[in-house]
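Breakdown of the fold
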Amino acid sequence: MKEKQITMTQRLSEISSSRKAEARLSLIGNFGTVIGAEIFNAICLLIGYQIIAGISLGTSLWNFIGGEIAVFIVTTFMGIFTFGLYFILMSLAYDQKPVFRDLFRGFRKENSDRVVKMEAVLAAIELACMLPAQIVSFVAGSNTVLIIVLYAAGIVLSCYVGLTFAMGVVLLIDFPDMMSTEALRTSANMMKGNKGKLLYIELSFIPLYLLGIISCGIADLWVYAYNQMTVTSFYHYLASEKK
Amino acid sequence: MSDYNNGYNNNGYSNNGYSNNSSDDYDPAFVKKTQAQHLSRLSFLLGMGSLIFTFFMTVIIPYILAPVSIVLAVISKSDDRKISKMSRNAVILSVIALVANTAIVGTTYYSMFTNPELRQQVNSVAEQMYGYSLDDLIGAAEQETGIDLDGNGVVGTVESATDNDDSDGGQSVDSYEGETNNDDATII
């Protein structure tokens, strides 16, 4: 049993380091475009959060409902930029020169419909995961233990859903004719038995993210690019494995 | 077998108008290696910078430069798994800078609450610069957060070892008490 565990850990470590090596190879020399895209993304997200904060400011029921709707809209809208960012990373993975305007690929006519649909579904699922905790927090704000438990359950559920559909956006990029529902279904199939591997990869970035926190988020510009590129590289690993 | 294999690597994306760099004198592996070395060098410079700024007692800058240096050192590993000598040195310098900087900050913070002379100096400097002594600021912060920042066991009360009498005109104390409307919130 122990032997099996060691082998499993070694295998996870091997996959993680090989994906990271590939990601580093793709990223080196191209950090400028990726970090520029990330900064633009972050600014948009900041504006989005300001809008959410403005709408949900207050304790009335309308503030709560308005806040939740704003979260849904902003998350869906930001998904379009996530598509663009992954497009840049995919072009790096295919040894092509990325350009900053690729960040806006999601707004193109042929992509916008598919991307918005997919991001809306993902945003709705994420919202549904966190909604029980938020409702309890709104109705009975003093019941701290219940709120913490519900938030923890929501986060775990959200992570599971996130891992299941992690390849959705990348599939939309790789297959321009693929519809959003098909991409989500394919992602779920691809991730069957591979969620643990992706989770291991994601968790292995925690030390680097902690360094990013120490540096007031500046180091995170490189870490986030590295993380996303590794996910893209993991997609290629899955695709080649299933071939 | 699976749906996503029917067009992988042979789809519209690959033909999106970009051309691969494929001139005869272009060696991608060599270029990548050189770029990785540049990154490694930058990492080393940042590591050295963080150590230098630590000696100059600039608290914030080493905390920014050192993590960036470590991250760049990790990323500069390129395709081979082994970290280069320069990157390793960068990590060592950055870790030293981070530890030394944290030690300096910790020691200073500790001294400020245990050494009366230093506290007096900090109070007078803060008062000259901001118009409020450090004791005033800590007292206000304690009252605001409800946390005993100076470890004297009383929130909102700063027991400085210094003789901080009414030479500051008592303005800050009065205004502070007036705001909080709390008799316990006295600054000695």
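Fair warning: this is a prediction, and the values are worked out from it, not measured in the lab. (Residues numbered from 1 in each chain as written. Chains lettered and ligands numbered in written order. Predicted model: local features only at pLDDT ≥ 70, side-chain atom pairs only at ≥ 80, totals over all residues. Heavy atoms only, no water.)

1. Thoughts on the overall build of chain B
Operational definition: Numbering goes from the N terminus for both helices and strands, where a helix is a DSSP run of H or I of at least four residues and a strand is a run of E of at least two. The contact criterion used is simple: two residues touch if any of their non-hydrogen atoms lie within 4.5 Å.
Each helix and strand in chain B was counted, giving six helices and zero strands. Ordering the α and β elements of chain B from the N terminus gives α-α-α-α-α-α. The long-range fraction of contacts in chain B, counting pairs at least 24 apart against all pairs at least 6 apart in sequence, stands at 58%.

2. Some remarks on the state of the cysteines
Residues and elements named next belong to chain A. Quick reminder of the rule: Cysteine sulfurs are considered disulfide-paired once they come within 2.5 Å of each other. The classification of residues rests on relative accessible area computed with a 1.4 Å probe and restricted to protein chains. Under 20% of the type maximum is buried, over 50% is exposed, and intermediate values are partly exposed.
The tally for this structure, following the rule as stated, stands at zero disulfides over all chains. Free cysteine: cysteine 159, not disulfide-bonded; nearest cysteine sulfur from cysteine 129 at 9.4 Å. Taking relative accessible area as the criterion, cysteine 159 reaches 43% and is therefore assigned partly exposed.

3. Re the confidence of the model for chain A
Our working definition: In predicted models, pLDDT denotes the confidence assigned by the predictor to each residue on a 0 to 100 scale.
When pLDDT is averaged along chain A, the result is 88, and 97% of the positions lie at 70 or above. Looking at the elements of chain A, mean pLDDT is at its lowest for helix α1 (residues 2-27) of chain A, recorded as 82, and at its highest for helix α9 (residues 206-214) of chain A, recorded as 93.

4. A look at helix α2 (residues 31-56) of chain A
Count 3.6 residues to each turn of an α-helix, and residues three or four apart come out pointing the same way. All names here are of chain A. Selection criterion: Expected span of a helix: the number of residues minus one, times 1.5 Å.
Taking 1.5 Å as the rise per residue, α2 with 26 residues should run 38 Å; its terminal C-alpha atoms sit 36 Å apart, in good agreement. Of all the residues in α2, the buried ones are Phe31, Val34, Ile35, Ala37, Glu38, Asn41, Cys44, Gly48 and Ile52. Just past α2, the residue glycine 58 takes up positive phi, approximately 125°.

5. Here's the deal with the packing of aromatic side chains
All names here are of chain A. To keep it simple, the criterion reads: Here a Phe, Tyr or Trp ring, Trp counted by its six-membered ring, pairs with any other such ring whose centre lies within 6.5 Å, and the pair is stacked when the planes are under 30 degrees apart, edge-to-face when over 60, and tilted otherwise. Distance and angle both matter: a charge sits over a ring if NZ of Lys or CZ of Arg is within 6 Å of the ring centre and within 35 degrees of the ring normal.
Applying the stated criterion to the full structure yields 13 aromatic pairs over all chains. Arranged with centres 6.0 Å apart and planes meeting at 85°, the rings of phenylalanine 40 and phenylalanine 100 form a pair that is edge-to-face. Separated by 60 residues along the polypeptide, phenylalanine 40 in helix α2 and phenylalanine 100 in the loop between α3 (61-93) and α4 (109-139) bring together distant segments of the chain. For phenylalanine 100, a relative accessible area of 34% corresponds to the partly exposed category. Pairing phenylalanine 81 with phenylalanine 104 gives two aromatic rings, centres 6.1 Å apart and planes at 75°, and the pair type is edge-to-face. Of the two residues, phenylalanine 81 is situated in helix α3 and phenylalanine 104 in the loop between α3 and α4; the sequence distance between them amounts to 23 residues. Through a chain of ring-to-ring contacts, the aromatic side chains of Phe40, Phe77, Phe81, Phe100, Phe104 and Phe107 assemble into a single cluster. Seen from the ring of phenylalanine 205, lysine 20 lies directly overhead, with NZ or CZ sitting 4.8 Å from the centre.

6. Overview of a nonpolar patch on the surface
Residues and elements named next belong to chain B. This is how the line gets drawn: In this analysis, a patch consists of residues with relative accessible area above 30% that form no salt bridge, clustered at 9 Å for like charges and at 5 Å for the nonpolar side chains Val, Leu, Ile, Met, Phe, Trp and Tyr. Using a 1.4 Å probe, accessible areas were evaluated by the Shrake-Rupley method; residue-level cover was limited to the displayed protein chains. Here, a salt bridge means any Lys or Arg side-chain nitrogen found within 4 Å of an Asp or Glu carboxyl oxygen.
A cluster of nonpolar side chains, contributed by Leu45, Met48, Ile52, Phe53, Phe56, Val59, Ile60, Ile61 and Val105, occupies part of the molecular surface with about 770 Å² of accessible area. Where the nonpolar patch is concerned, the elements lending two or more residues are α1 (28-55) and α2 (60-75). Looking at which element gives the most residues to the nonpolar patch, the answer is α1, with four residues. As for its placement among the helices and strands, leucine 45 is situated in helix α1. Take leucine 45: its relative accessible area is 52%, and that puts it in the exposed class.

7. Topic: the pattern of salt bridges
Residue and element names in this part refer to chain A. Scanning the entire structure with this criterion turns up five salt bridges over all chains. A salt bridge links arginine 19 to glutamate 22, with the shortest nitrogen-to-oxygen separation between them at 3.0 Å. Linking arginine 19 with glutamate 22, this pair stays in helix α1, spanning three residues, or about one helical turn. When its relative accessible area of 10% is taken as the criterion, arginine 19 is described as buried. In this structure, the salt-bridge partner of aspartate 113 is lysine 117, at a minimum N-O distance of 3.6 Å. Separated by four residues within a single helix, aspartate 113 and lysine 117 lie in helix α4, roughly one turn from each other. Residue classification places aspartate 113 among the partly exposed residues on the basis of a relative accessible area of 42%.

8. As for unusual backbone geometry
Residues and elements named next belong to chain A. Residue aspartate 95 is not a glycine yet carries a positive backbone phi of 60°. When you line up the elements, aspartate 95 lands in the loop between α3 and α4. With phi around 60°, cysteine 216 is a residue other than glycine that occupies positive phi space. Within the fold, cysteine 216 resides in the loop between α9 and α10 (220-242).

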